[in-house]
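Here's the letter readout for the chains.
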Amino acid sequence: MIEKTIYDSPEYDVFKNGVKKLTGLDLNSYKNQIHRRVHMLMQRWNISSYDAYFKTIKEDDGKLREFLDYLTINVSEFFRNANKWNELRDVVIPDLIRTRGRKQLKIWSAGSATGEEPYSLAILSIEAKLSPQTPVLASDIDQGAIAIAKRGHYLKRQLVNVPRELVSRYFTTADGGETYLVNSEVKARVSFQRLNLIEDSFSDDFDLILCRNVVIYFSSETKTALYHKFLRALRPGGYLLVGSTEQIFDYRKIGFESAGAFLYQRP
Ligand SMILES: C[S@@+](CC[C@H](N)C(=O)[O-])C[C@H]1O[C@@H](n2cnc3c(N)ncnc32)[C@H](O)[C@@H]1O
């Protein structure tokens, strides 16, 4: 029975190895909550062995999608937590323009999900007249989320935080006003890449990194290792913005300075 299976059983190890090969997702880097989620899905589908479950996600694209959606939770919004976006627009971007100029500011949405965050950054970049030569990098571990992001079609409710004048400037509507399409100028400002934040290496010339609502299931060691990687990925003076429940308590030990709530700067 699933309930009696402990998370460190040999069967679960085989399952975890298979998942890693299939999706790049290393379940060992996550908290126990992630294992409970695996079990919840197995119960939902009435599957009682890891072996059978692995076969299912390997053979059925829909089930694999549901598995990844449920474990990595792609939920996002344009300009999520509006006050942080005002801070980016009014404080962080002007500071970077002052110290670096407009030409080559390198911005990264790490864990970009279905694209709302990198497109919000692209809109901010256009509004701040940053050079189009350096697109916003959008990365995610989930290829399916990236495919949705590249399409750039959204429902009206995902745009609740977008000021009306920006909606009319950067979106067109379809389906009688139900679907909003990101316009080509915004799309051209974003480059998408599949990247596993835990395993892959990053380049070291970013000026602003957003990593919000991504590390929620990461173990504390995985989180700390990632924040060290982000520090090295930033140029001196560069900023890291994390999610509004993801305060980094030992930011000093890692090497950051505080630059505001949930905002850190490489000295
Ligand atoms: C809730 S979404 C966050 C979207 C956006 N940053 C926001 O705050 O609205 C979390 C995203 O993190 C991605 N993710 C989870 N683990 C990851 C990893 N190890 N490497 C890269 N992306 C990962 C998921 O695929 C998911 O799309």
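Just so we're clear, the structure is a prediction, and the values are computed from it rather than from any experiment.

Chemist: Explanation requested: helix 2 (residues 32-44) in the structure shown.
Modeler: Helical periodicity: at 3.6 residues per turn, an α-helix aligns residues three or four positions apart in one direction. The terminal C-alpha atoms of helix 2 lie 19 Å apart, and with 13 residues this matches the ideal 18 Å at 1.5 Å per residue to within 8%. One or two positions beyond helix 2, positive phi appears at asparagine 46, with a value near 60 degrees.

Chemist: Where do I start with the packing of helix 1 (residues 10-23) against helix 3 (residues 50-59) in this structure?
Modeler: The description of two packed helices rests on the angle between their axes and on the distance between the axes. Running from amino to carboxyl end, helix 1 crosses helix 3 at an angle of 15 degrees, the nearest separation of the two axes being 9 Å. Overall, the two elements helix 1 and helix 3 adopt an arrangement that is roughly parallel. Two packed elements cross with a definite hand, and for helix 1 against helix 3 that hand is right-handed. Mapping the contact onto sequence places Glu11, Tyr12, Val14, Phe15, Gly18 and Leu22 in helix 1 and Tyr50, Asp51, Tyr53, Phe54 and Lys58 in helix 3. Class assignment of the residues belonging to the contact of helix 1 with helix 3 gives a composition of seven nonpolar, one polar and three charged.

Chemist: In this structure, what is going on with the sheet that holds strand 10 (residues 263-265)? I would like to understand it.
Modeler: Sheet strands pair by backbone hydrogen bonding; their relative direction is either parallel or antiparallel. Ordered by their spatial adjacency, seven strands build an open sheet running 6-2-1-7-8-10-9, and the pairing between neighbours is mixed. Of all the strands in the sheet, just strand 6 (190-194) and strand 9 (257-260) have a single pairing partner and so form its edges. Between one strand axis and the next, the sheet turns through 25 degrees on average, direction left out of account. Sheet analysis places strand 9 next to strand 10, joined by three bridges and oriented antiparallel. Bridge pairing in strand 10 places glycine 260 opposite leucine 263.

Chemist: Got a minute to help me understand the packing of helix 2 against helix 4 (residues 61-72) in this structure?
Modeler: Where helix 2 meets helix 4, the closest approach of the two axes is 10 Å, and the angle between their N-to-C directions is 145 degrees. Of the two possible hands of crossing, helix 2 and helix 4 adopt the one that is right-handed. Seen from helix 2, the contacting residues are Ile34, Arg37 and Leu41; seen from helix 4, they are Phe67, Tyr70 and Leu71. Among the residues forming the contact of helix 2 with helix 4, the class breakdown is five nonpolar, no polar and one charged.

Chemist: In this structure, what is going on with the nonpolar core? I would like to understand it.
Modeler: Inside soluble globular proteins, nonpolar side chains tend to come together where they are buried. Ranked by size, the top nonpolar core spans 59 residues in total, and within it Ile209, Cys211 and Leu240 carry the most contacts. Counting only domains with at least three residues in this core, you end up with domain 1 (2-72) and domain 2 (82-265). Discounting residues that sit within four places of it in the chain, isoleucine 209 has contacts with Trp108, Ala110, Phe230, Ala233, Leu234 and Leu240. Formed by five residues, the second largest nonpolar core is a distinct cluster that contains Tyr50, Tyr53, Phe67 and Leu68.

Chemist: Would you mind going over the domain arrangement of the protein chain with me for this structure?
Modeler: A common way to state how big an interface is: give the accessible area lost once the parts meet. By the assigned domains, the protein chain splits into domain 1 (2-72) and domain 2 (82-265). In this structure, domain 1 and domain 2 have C-alpha centres spaced 29 Å apart. Each partner contributes to the interface: domain 1 provides eleven residues, whereas domain 2 provides ten residues. Sorting the residues of the side of domain 1 that touches domain 2 by element identifies helix 2 and helix 4 as the ones contributing at least two each. Per-element accounting of the side of domain 1 that touches domain 2 gives the leading share, three residues, to helix 4. Within the side of domain 1 that touches domain 2, the residues separate by chemical class into four nonpolar, four polar and three charged.

Chemist: Sorry if this is basic, but what is going on with the environment of arginine 151 here?
Modeler: Within the fold, arginine 151 resides in helix 7 (residues 143-151). With 19 residues separating them along the chain, arginine 151 and tyrosine 170 place their C-alpha atoms 15 Å apart.

Chemist: Is there a simple way to explain unusual backbone geometry in this structure?
Modeler: Notably, alanine 113 is not glycine yet its phi reads approximately 50 degrees, a positive angle. Looking at the element boundaries, alanine 113 is found in the loop between strand 1 (107-110) and helix 6 (116-127).

Chemist: I would appreciate a short explanation of the sheet that holds strand 5 (residues 179-182) in the present structure.
Modeler: The sheet built from three strands is open, its strands ordered 3-5-4 with antiparallel pairing. Only two strands of the sheet have a single neighbouring strand rather than two, namely strand 3 (153-155) and strand 4 (171-174). Averaged over all neighbouring strand pairs, the angle between strand axes comes to 35 degrees, with direction disregarded. Pairing of strand 4 with strand 5, which is carried by four bridges, proceeds in the antiparallel orientation. Its bridge partner lying in strand 5, threonine 173 is registered against tyrosine 180.

Thresholds, definitions, all that
Residues numbered from 1 in each chain as written. Predicted model: local features only at pLDDT ≥ 70, side-chain atom pairs only at ≥ 80, totals over all residues. Helix = DSSP H or I, 4+ residues; strand = E, 2+ residues; numbered from the N terminus. Expected span 1.5 Å × (residues − 1). Axes fitted to C-alpha atoms, helices over the stretch in contact; angles between N-to-C directions. Parallel < 35°, antiparallel > 145°, perpendicular 65-115°, else oblique. Left-handed = near helix turned anticlockwise from the far one by under 90°. Contact = placed C-beta atoms within 7 Å. Nonpolar A, V, L, I, M, F, W, Y, C, P; charged D, E, K, R; others polar. Pairing = 2+ DSSP bridges. Core = buried A, V, L, I, M, F, W, Y, C linked by C-beta atoms within 7 Å. Buried ≥ 20, exposed ≤ 12 C-beta atoms within 10 Å, placed from the backbone. Domains from an automatic or database assignment.

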